[in-house]
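Analysis of the macromolecular model
Each chain, written out:
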Amino acid sequence: MEDVVRRTGGAAALIAPRWWPNNRGHVLVVPTEHHENLYSVSADAYRAVGDLVREVAIAIRDTYRCAGVSTRQHNEPAGYQDVWHLHVHVFPRYDGDDLYRSQALPGWATFEERQVYAERLRTYFDKENV
């Protein structure tokens, strides 16, 4: 998949197809095995996700030149879960970006838009693995 920027033994990171106005190119980190939510994931699978979230956060901070990073993960409808596979959002943050007051942009980011961010992160991870 062209949106995948890093894959480990237990998790994968990909450019999210849905964007927020001031936080474009955010990343989703998912376990490679199916786990519906936080309640059903094993400690080892969640550790793999957490380790990759940390790597992605550092890569985003370095390659996006953002002021910080936020992560979030949702469980069940009351917790705003709308995809039934565990995933953690890793958002680039900028001063005054109003992430938590804004709504997702309508529609989906195009392949070309996503690839700008995917290439940045792949290049970063390729350098880190030399």
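Bear in mind the structure is a predicted one, so any value in this text is a computation, not a measurement.

**Comments concerning the pairing of strand S3 (residues 27–31)**
For S3, the buried fraction is high: 5 of the 5 residues fall into the buried class. Neither face of S3 is open: one carries Val 27, Val 29 and Pro 31, the other Leu 28 and Val 30, and all of them are buried. Here S3 pairs with strand S5 (residues 88–93) via 3 bridges, running antiparallel. Bridge assignment links Leu 28 to a residue of S5, and that residue is His 89.

**A look at the environment of Gln 73**
Looking at where Gln 73 falls in the secondary structure, it is placed in the loop between strand S4 (68–72) and S5. For the pair formed by Gln 73 and Leu 28, sequence separation is 45 residues and the distance between their alpha carbons is 9.7 Å. Contacts of Gln 73, omitting those with residues within four sequence positions, involve Leu 38, Leu 86, His 87 and Val 88. Side chain to side chain, Gln 73 and Asn 75 meet in a polar contact 2.8 Å long.

**Some points on the pairing of strand S1 (residues 4–7)**
Sheet analysis places S1 next to strand S2 (residues 11–15), joined by 3 bridges and oriented antiparallel. Following the sheet pairing, Val 4 is matched in S2 by Leu 14. In textbook terms, the turn of a hairpin is the stretch between consecutive antiparallel strands, and for S1 and S2 this stretch comprises 3 residues.

**Let's talk about the sheet that holds S1**
Strand order across the open sheet formed by 5 strands is S1-S2-S3-S5-S4, with antiparallel pairing between neighbours. In this open sheet, the two strands that pair with only one neighbour each are S1 and S4. Each neighbouring strand pair of the sheet contributes to a mean axis angle of 20°, computed without reference to strand direction. Of the strands in this sheet, S1, S2, S3, S4 and S5 are in contact with helix H1 (residues 43–64), which crosses S3 at around 165°. Helix-sheet contacts for helix H2 (residues 111–128) involve S1, S2 and S3, and the interaxial angle to S1 is about 30°.

**Some remarks on the packing of H1 against H2**
Their axes nearest at 10 Å, the elements H1 and H2 cross at an angle of 110°. If you check the angle between H1 and H2, you find them roughly perpendicular. Crossing geometry of H1 relative to H2 is assigned as right-handed. In contact with Glu 55, Val 56, Ile 58, Ala 59, Ile 60, Asp 62, Thr 63 and Tyr 64 of H1, H2 contributes Tyr 117, Arg 120, Leu 121, Tyr 124 and Phe 125. Split into classes, the residues belonging to the contact of H1 with H2 amount to 9 nonpolar, 1 polar and 3 charged.

**Quick look at the packing of aromatic side chains**
Scanning the entire structure with this criterion turns up 4 aromatic pairs. Residues Trp 19 and Tyr 117 carry aromatic rings whose centres are separated by 5.4 Å and whose planes lie at 85° to one another, so their mutual orientation is edge-to-face. Note that Trp 19 is positioned in the loop between S2 and S3 and Tyr 117 in helix H2, a separation of 98 residues in sequence. A relative accessible area of 5% places Trp 19 in the buried class. Ring geometry for Trp 20 versus Phe 91: centroids 5.3 Å apart, planes at 90°, classification edge-to-face. Taken together, the residues Trp 20 in the loop between S2 and S3 and Phe 91 in strand S5 connect sequence positions 71 residues apart. What makes Phe 91 buried here is its relative accessible area of 0%.

Criteria and thresholds
- Residues numbered from 1 in each chain as written.
- Predicted model: local features only at pLDDT ≥ 70, side-chain atom pairs only at ≥ 80, totals over all residues.
- Heavy atoms only, no water.
- Buried < 20%, exposed > 50% of the residue type's maximum accessible area, 1.4 Å probe, protein only.
- Helix = DSSP H or I, 4+ residues; strand = E, 2+ residues; numbered from the N terminus.
- Pairing = 2+ DSSP bridges.
- Contact = heavy atoms within 4.5 Å.
- Polar contact = N/O pair within 3.5 Å; in protein donor to acceptor, adjacent residues only side chain to side chain.
- Axes fitted to C-alpha atoms, helices over the stretch in contact; angles between N-to-C directions.
- Parallel < 35°, antiparallel > 145°, perpendicular 65-115°, else oblique.
- Left-handed = near helix turned anticlockwise from the far one by under 90°.
- Nonpolar A, V, L, I, M, F, W, Y, C, P; charged D, E, K, R; others polar.
- Phe/Tyr/Trp six-rings, centres within 6.5 Å; stacked < 30°, edge-to-face > 60°.

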